[in-house]
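Listed here are the chains, written in short residue letters.
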Amino acid sequence: MYYLTRMEQVIAVSMRTNTGSAKKVLKQIASNGVRCVQLDALHDDFVDMTESGLRDVAATMRGLGVRACGVDFLVSPEMWEEAPERTLDAFSRAVAIAEVVGNVPVGTRMAKES
């Protein structure tokens, strides 16, 4: 039986704070010694990326020694009410990204209930 003897803290950096292509951002993060990244599902590169493109990003991350800790889907809470179908489609895309990079959590914001 395996017992956890030490908790390891990991710091993740959000790619939302960086500009450029997704690969450029990931390379920049890795070059600074960070090994965990919070991906941004709303990044321009991810919006229309094919499944093959997502697998390529996952391979790039592995090659850089970077792993995804989660995927941000940070649309304004009002978007869920104003454009529910479009927002749900985009959220489904965020889930697809999360699956490809390691079944990581997806974080979002929801409107408060009235």
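Structure first, text after, so check above.
Throughout, a residue's number is its position along its own chain's written sequence, starting from 1. Whole-chain, interface and lining totals are the exception, using all residues; otherwise, since this is a predicted model, local features are given only for residues with pLDDT of at least 70 and side-chain atom pairs are given and counted only at 80 or more. With hydrogens and water excluded, all non-hydrogen atoms of the structure serve as input to the side-chain values.

Caption draft 1: Spotlight on the state of the cysteines. What counts as a disulfide here is a pair of cysteine sulfur atoms lying within 2.5 Å. The final tally for this structure, using the stated rule, is one disulfide. The disulfide partner of C36 is C69, and the S-S distance across this bridge is 1.3 Å. Linking C36 and C69, the disulfide has an S-S dihedral of approximately 95 degrees and is accordingly described as right-handed. One end of the pair, C36, is in strand β2 (residues 36-40); the other, C69, is in strand β3 (residues 67-73), with 33 residues separating them in the sequence. The exposure class assigned to C36 is buried, which follows from its relative accessible area of 1%. Buried means the residue's accessible area, taken with a 1.4 Å probe over protein chains only, is under 20% of the maximum for its type, while exposed means over 50%, and partly exposed covers the values in between. For C69, a relative accessible area of 25% gives the class partly exposed. Numbered from the N terminus, helices here are DSSP runs of H or I no shorter than four residues, and strands are runs of E no shorter than two.

Caption draft 2: Quick peek at the pattern of salt bridges. Basic side-chain nitrogens of Lys or Arg form a salt bridge, by our definition, when they fall within 4 Å of a carboxyl oxygen of Asp or Glu. Per the stated rule, a full pass over the model turns up three salt bridges. In this structure, the salt-bridge partner of D56 is K23, at a minimum N-O distance of 2.4 Å. Here D56 is found in helix α3 (residues 51-64), whereas its partner K23 is found in helix α1 (residues 22-31), with 33 residues between them in sequence.

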